[in-house]
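Coordinate analysis (summary)
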Protein chains: 2
Amino acid sequence: MGGVLEGIKVLDLSRVFAGPASAQILGDLGADVVKIEDPSGDDARFMGIAKDRLVHVGGSSPSFHAFNRNKRSLVLDFHYDEARQALLKLAATADVLIHNFRPGVMEKWGVGPSHIAAINPRLIYAEFSAYGSVGPMSHIGANDSAVQAYSGLMNVTGETDRPPVRCGSAIVDLHGGLALSTAILAALLHRGKTGKGQRVEASLLLSAADLMSYQYADYWADGTVNQRMGTANNLSAPNQAFPTRDGSVIIIAPVDDMWQRCANALDAKELNILEFKSGFDRLRLREKLVAAICKVTRTMTTGDVLDRLGEARVNVANVNTIPEAADSEQLAAVQGTFEVTIGTHVQKVVGSPFRLADAPPKVRHPPPQIGQHTDAILSEAGFSAAEVERLRISGAFGRPGK
Amino acid sequence: MGGVLEGIKVLDLSRVFAGPASAQILGDLGADVVKIEDPSGDDARFMGIAKDRLVHVGGSSPSFHAFNRNKRSLVLDFHYDEARQALLKLAATADVLIHNFRPGVMEKWGVGPSHIAAINPRLIYAEFSAYGSVGPMSHIGANDSAVQAYSGLMNVTGETDRPPVRCGSAIVDLHGGLALSTAILAALLHRGKTGKGQRVEASLLLSAADLMSYQYADYWADGTVNQRMGTANNLSAPNQAFPTRDGSVIIIAPVDDMWQRCANALDAKELNILEFKSGFDRLRLREKLVAAICKVTRTMTTGDVLDRLGEARVNVANVNTIPEAADSEQLAAVQGTFEVTIGTHVQKVVGSPFRLADAPPKVRHPPPQIGQHTDAILSEAGFSAAEVERLRISGAFGRPGK
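We now turn to the structure provided with this report. (Residues numbered from 1 in each chain as written. Chains lettered and ligands numbered in written order. Predicted model: local features only at pLDDT ≥ 70, side-chain atom pairs only at ≥ 80, totals over all residues. Heavy atoms only, no water.)

1. Considerations on the overall build of chain A
- Broken down by element type, chain A carries 18 helices and 12 strands.
- A principal-axis box enclosing the C-alpha atoms of chain A has dimensions of 85 × 50 × 45 Å.
- Across the 402 residues in chain A, those meeting the buried criterion constitute 63%.
- The long-range share in chain A, meaning contacts at least 24 apart out of those at least 6 apart in sequence, stands at 67%.
- Summed over all atoms, the accessible surface of chain A reaches about 14,200 Å², with 52% contributed by carbon and sulfur.
- Counting 41 positive and 43 negative side-chain charges, chain A places the centres of these two groups 2 Å from one another. (Helix = DSSP H or I, 4+ residues; strand = E, 2+ residues; numbered from the N terminus. Buried < 20%, exposed > 50% of the residue type's maximum accessible area, 1.4 Å probe, protein only. Contact = heavy atoms within 4.5 Å. Areas by Shrake-Rupley, 256 points an atom, 1.4 Å probe, with all protein chains shown as cover. Lys, Arg positive; Asp, Glu negative; His and termini not counted. Charge placed at Lys NZ, Arg CZ, Asp CG, Glu CD.)

2. Digging into the nonpolar core
- Of all hydrophobic cores here, the largest spans 214 residues; its most connected members are Leu 5, Tyr 131 and Tyr 216 of chain A together with Leu 5, Tyr 131 and Tyr 216 of chain B.
- What Tyr 216 of chain B contacts, discounting residues up to four positions off in sequence, is Ile 322, Ala 325, Ala 326, Leu 331 and Val 350 of chain A together with Ser 151 and Ala 209 of chain B.
- If you look at the next biggest cluster of nonpolar residues, it comprises 32 residues, including Leu 74, Leu 76, Ala 91 and Val 388 of chain B. (Core = buried A, V, L, I, M, F, W, Y, C linked by side-chain atoms within 4.5 Å.)

3. Some points on the sheet that holds strand β6 (residues 199–203) of chain A
- Taken in spatial order, the 7 strands make up an open sheet running β3(A)-β2(A)-β1(A)-β4(A)-β5(A)-β6(A)-β12(B), and their pairing is mixed. Since the sheet does not close on itself, it has two edges, and those belong to β3 (71–75) of chain A together with β12 (355–356) of chain B, each with one partner.
- Here 4 bridges tie strand β1 (residues 9–12) of chain A to strand β2 (residues 32–37) of chain A, and the two strands are oriented parallel to one another. Each bridged residue has a counterpart across the sheet, and for Lys 9 of chain A the counterpart in β2 of chain A is Asp 32 of chain A.
- Those strands touched by helix α4 (residues 81–91) of chain A are β1, β2, β3 and β4 (96–99) of chain A, and its axis lies near 155° from that of β1 of chain A.
- Sitting on the sheet, helix α8 (residues 171–194) of chain A is in contact with β4, β5 (124–129) and β6 of chain A together with β12 of chain B, with an inclination near 165° to β5 of chain A. (Pairing = 2+ DSSP bridges. Axes fitted to C-alpha atoms, helices over the stretch in contact; angles between N-to-C directions.)

Below, the structure written as C-alpha cells:
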C-alpha cells in the first residue's frame, strides 16, 4: 500500500519553518499537501542567502528546500475576497488546514475555524502561533530566537561567566512543528472514532516550555535554578567536553556502572577511587572529578578516547563540524537523507525524524516553484476554466509587476 | 468521550528522558501506560539531584516527575527468564511497546520485534536508540550531549571566537521522544487501515539531524558551512540580542516590511536608510546594521524597546531567566502547566506541547512510585495470585537487599 496518509488532503498556508516542517512530515507519510503561497512566495525561499547564491542552488534557499518536499504549490493572495472564497471551496473537500497567521487574521478574512467547520465539520484546523492565541503576549510576534530568549533556554546556554547565547539551530521552531504534526495525527485518530474534525494548536511557547520542562520542574519543586555551564549540565558528571592532545571529546557517564567502566577504560588510578563511585558524589565533587579526568584525557588523542570508551560502552562523542556530521557514514547507514531535484539542482536533504518499517517515506514531489501547480490543483478541486480565469483577473494569483 | 487513545495499552520499558517523554504524550492523550522499571527504578529518578534534596521533592527528581505522569509502574527485572515470560504475556494484549535498550538486547532476551509479532501482530513495537540500529556507530552509547556534539549542533552553538557550548537543555532527547510519539500515532492510523502493527524507530541521531536539517542543506547545496555566532544566526539580520540601558533585548526583523516597522518604531534616522531596506542587503551589511541598532538601543530601556517593537508587530523578546519564564503570565494564560501530587509533594509540571480542542489532556495518574502498581497491573492482565507469587519468588520483582 501507499503511505499512511494516502488520500488525506492538507492545505498548508504556513510560512518559514515550523508550519512547513509540520506539513512536510504529513507529506512524507503520504498526504496530498497543497502549499498555498502569497504571490511573493514563502519568505523562507529567500532567507539566509545572498542574492547571487540563489541561482546556483535551484532558485530558492536550501532552508526552503529542506522543509518543502512532497508538496505542490498554489498561489493565492488572501487580501482578495476571490482568494478567500477559493480557499473556502478548497477547504470543503480537505482533511487538514495548517496556518501560522497571527491570532485573529484568519477570522477577519472569514476563513477562521468556525467558518471552515460550518462547511466541513470533518476538517482538522491546525494553528501554529508564537505565544498562543490568548494571553498578554498573544499579539507579540516572535520567531525561534525570540522564544529561545523568552523561555529561559538562552539563559542556560553559554559559558558560566559569559553572556547567554542562542542554541545554534532553530530548535524551538522544529520541535513546535513536530508537535503540530503529532496533534494532527491524534486528531485524525479522534476523527476515526467520532467522525468529527477539531481545532488543534501548537506554538513556539509550548514547544520551548516542553524543551525546558525538566528545568522548570526543578525550579517549581524547590526553587532550584539551573545555570549555563558551557558544555556541562546539571544532570550528571562527567557530562561535558574534555580536552585531548589533539582537540576535545564529550564523555558522559551518568550511571554508576557506566562510570566504573569509564574509569577502567581510561586506566587511571586517580579516577578509580571510592569517592567518585556514586552519582550523587560525582555531582557534589564535580570540580575535582573534572580536573582528574582532564589530567588523563590531555595525555590521549581524541581517537584513542573514542576507541577506549566506545569499546567499554561509555557514552562518548566527537565534537563534529557540520560537514563531518552531515557526511557521516552513520547518517548514511540509517538512510537518513533524501535527494530532491529542483530544475538542474540536485539537493540532498535530511529525511523524516522517525521510521515506520512497513510504510517508509519517499519523495513523491520535489520542493515546488511558486504557484507551479496552481491550475492543476484548482482543476482537481472542481474549479472550471472560467472560474480559474476569474480568479486570475481578480488579482488573487498576484498582479503583474507587483 | 475520554482521550483520543482511550483503550490503547502501552508498555513503556524506556528510561531517562526521550522514551518516557514519548510515552507520557500517549498517556496525556488517554492511553493506559504501564511503565516497566528495573527494581532499582528508572535512572532519571535519581539524576541531577543531591541525595538530601530528594526527600523534599517527593522522593524522585523533578526531572522524573516532569516525564512520568499518566503512567502506572510495574517492576520487572529482565535478567530473569520469569520476567521476560511475563513481558510476553503482557505484550499479548498490548497495543504499543516502547523501549530504549541498546540494539540487540531485546532480541537476546527473546522479546525482540519478531518474538512479539509472533504472539501479537497488531502490536506497534517502538524502539528508541542513540545512533540507530545499524551502521558503524550503532553499538556506541550516547545521550543528548553526545549527539549535540556528534551532529554539529554544538559546533554552531557559542560565541564566534570561543569554544562550542551545549544547548542548555536536553533538546535532542525531547525532540527524538516527540518523533517517536508521532511515529506511534502514524502506526496506529496505519493499523486502522491494515489491521497490522509494525516496528517503528526514532533515535538521537535522526532527532539531531532533523534539528540541523536546514544547516546540512546549506552545506550540501554548495558547501556553505554556518558558524556559531553568539545570539545571532545566519538566517537574517537583525536577529540577535542588542544591549539596552538596563540589560539586553532580542530583536528580529527577517522580512522587509517588518524591518521598516522596526526602523520606524525605534525612530532613528540612521536605521531608516535605503541600504538597509532589503533583507539581502541587511545580511550583507550585518556588521554595520548591528552597530547602528546598538547605538539606538543603548539609549533605551529594555521595557521601552519591548513596548515600541511589540506595538509595531516586530519580533521582540526579553532574555528571561528560568523563574521569569516558568512563572510567566503567558504560560499560565495558555494553560501550559499541570499539577501532580506525589505523597505530600505538590509538583507543577509543563503540559503537552500541543492542544486538541475537543480532547484536552488531563492528569489521571501522578508519577508513580517504583513498582507501585505491580500487583494491580498483573492481575488485570490475567495473572493469577499464584503466578504473581511465583514471579515474586523468582526475583523478577527484585531481591531484598539487592
